[in-house]
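# Chains, contacts and geometry: an overview
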Amino acid sequence: MTGSALLVHHDKALNYHFHDSHPFHPIRLKLTLDLLAEARALEPSAMLASRPATDDELLQVHQPAFLEAVKALSASPPGPGWLERAEQYGLGDGDTPFFPGMHDAAAYIAGGSITAAEAVMSGRCDHALHLGGGLHHALSARAAGFCVYNDVSVAIAYVRQRYQARVLYIDTDVHHGDGVQWSFYSDPEVCTYSIHETGKYLFPGTGFVQERGEHQGYGTSVNIPLQPYTEDDSWMECFEQSIRRLVEYFKPDLIISQHGCDAHAYDPLSHMQCSMAIYDQMPAIIHSLAHKHCEGRWVAVGGGGYDIWRVVPRAWSLLWLEMTDHPLKRSLKQQPRTPLPQAWRERWKGQSSVSLPAEWLDDLTHWEGIPRRDEITAKNRESLAVALQDFPKV
Ligand SMILES: [Zn+2]
Ligand SMILES: [Zn+2]
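Computed from a prediction, not measured in an experiment: that's the story for all the values here.

Attention shifts here to the sheet that holds strand β1 (residues 5-9). As summarised here, the arrangement of the eight strands in space is β2-β1-β3-β8-β7-β4-β5-β6, forming an open sheet in which the pairing is parallel. At either margin of the open sheet sits one strand with a lone partner, and together these are β2 (47-49) and β6 (221-226). Sheet twist, expressed as the average angle between the axes of neighbouring strands with direction ignored, equals 15°. Two strands pair when backbone bridges link them, and strand β4 (residues 167-171) and strand β7 (residues 254-258) are joined in this way by five bridges, in the parallel orientation. Considered in β7, the bridge of Tyr-169 is made with Ile-256. Those strands touched by helix α5 (residues 102-121) are β1, β2, β3 (127-130), β7 and β8 (298-301), and its axis lies near 175° from that of β3.

Now the structure itself:
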């Protein structure tokens, strides 16, 4: 199983930066690209520069008044009257505060996901990765959860319009992929799937199994809400069983997957107990499904992940290693204790407040299991069964 892969990036995406103490920090991208370079896993010839999304492309998903507000609040300082209106567009003092240059940076991120989708759909490459993307919470007329423009929805709308392809969106971020779900809730040609910590306890408070789509789109929205403190085995069991069934049933032409890595036990914003193992195994499943069902067509984007030193660079690098069939990825099976490049650790250790990991995977021999494991596993199986009740067995 091989396929050519491109990594889409533009330094302008690094300007998507709320402020220095905000958890969604662009250093996550730098740390990942540097780790890949040190691992000799990222050739310059595999990189593809992105362009900004046009207003017309953004308007396929977002309301004109929202675009106007984002542009106005990107000025430094914003013109008269706009500060008072920031809150109504989700850009007030909360999670997603406006910042100078916001429109340009967010348009580059949306354009990066379009660039990745175009590279795959045009046949230029089989797989494309855009780690700046994955802003899955942005809504039609409102920024939310660190997300200004919904690059994923914009890229899917682009693919629908230009190629009429059936798209399966797979969201593995610990938070429900609500913005993308609502964008295509009544569209039978776009299936949105999200596996996440249940909205009972976590932002954005949605993503329950009963959210199945509406009108002609009924049945093409799938949610697998998991219990807090879910560990690797239960997460992987729910993911693998549901996604195999869904791909077989929906028969997509293209898979777009979102790779927020905030279900890791270290993540400060969620309550899951997963390790790096799911970020090793899950991309391999998506990869094999793309080759089996979509002639290899697979676009992957980034997303959340707020342990920026220990989790994000490793998880996102493992994703790229999988997409490129890198020998290092395969060797992890035989050698799970493979060390990270020493030069990467040396370069960044002075800036990190935590001790940087020494190996690609987590050493689980000293991890304590959680006390309610059986109960959590059983509850997750119940959710899985309800979510899958209408899908034929394969
Ligand atoms: Zn491949
Ligand atoms: Zn998230």
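Right, let's get into the coordination of the zinc ion (ligand 1). Those donors, His-127 (NE2), His-287 (NE2) and His-291 (NE2), are the protein atoms that reach the zinc ion (ligand 1), and they lie 2.1 to 2.2 Å from it. All donors of the zinc ion (ligand 1) come from a single chain, and their spacing in sequence reads H-x159-H-x3-H. Remark: His-291 and His-287 occur in helix α9 (residues 276-293); sequence separation between them is four residues, near one turn of the helix.

Before going further, it helps to examine the packing of aromatic side chains. For any two aromatic rings, the description comes down to two numbers: the centre-to-centre distance and the angle of the planes. By the definition in use, this model includes 13 aromatic pairs. Residues Tyr-16 and Phe-18 carry aromatic rings whose centres are separated by 5.3 Å and whose planes lie at 75° to one another, so their mutual orientation is edge-to-face. As far as the burial class goes, Tyr-16 and Phe-18 line up, both buried. Between Tyr-249 and Phe-391, the ring centres sit 4.7 Å apart and the planes meet at 80°, which makes this aromatic pair edge-to-face. Residue Tyr-249 is found in helix α8 (residues 232-250), and its partner Phe-391 is found in the segment after α13 (373-388); the two are separated by 142 residues along the sequence. Under the relative-accessibility criterion, Tyr-249 is labelled partly exposed at 40%.

Looking now at the pattern of salt bridges. Across all of its chains, the model carries 17 salt bridges by this definition. For Arg-310, the salt bridge is made with Asp-307, and the minimal N-O distance between the two is 2.8 Å. Where Glu-346 meets Lys-349, a salt bridge forms, and the shortest distance between an N and an O atom there is 3.1 Å. By relative accessible area, Glu-346 is classed as partly exposed at 43%. When its relative accessible area of 48% is taken as the criterion, Lys-349 is described as partly exposed. Salt bridges linked by common partners bring Asp-34, Glu-38 and Arg-347 together as one network.

Criteria and cut-off values
Residues numbered from 1 in each chain as written. Chains lettered and ligands numbered in written order. Predicted model: local features only at pLDDT ≥ 70, side-chain atom pairs only at ≥ 80, totals over all residues. Heavy atoms only, no water. Pairing = 2+ DSSP bridges. Helix = DSSP H or I, 4+ residues; strand = E, 2+ residues; numbered from the N terminus. Axes fitted to C-alpha atoms, helices over the stretch in contact; angles between N-to-C directions. Contact = heavy atoms within 4.5 Å. Donors = N, O, S within 2.8 Å, 3.2 Å for Na, K, Ca; no water. Phe/Tyr/Trp six-rings, centres within 6.5 Å; stacked < 30°, edge-to-face > 60°. Buried < 20%, exposed > 50% of the residue type's maximum accessible area, 1.4 Å probe, protein only. Salt bridge = Lys/Arg side-chain N within 4 Å of Asp/Glu carboxyl O.

All we've got here are geometric facts, nothing functional implied.
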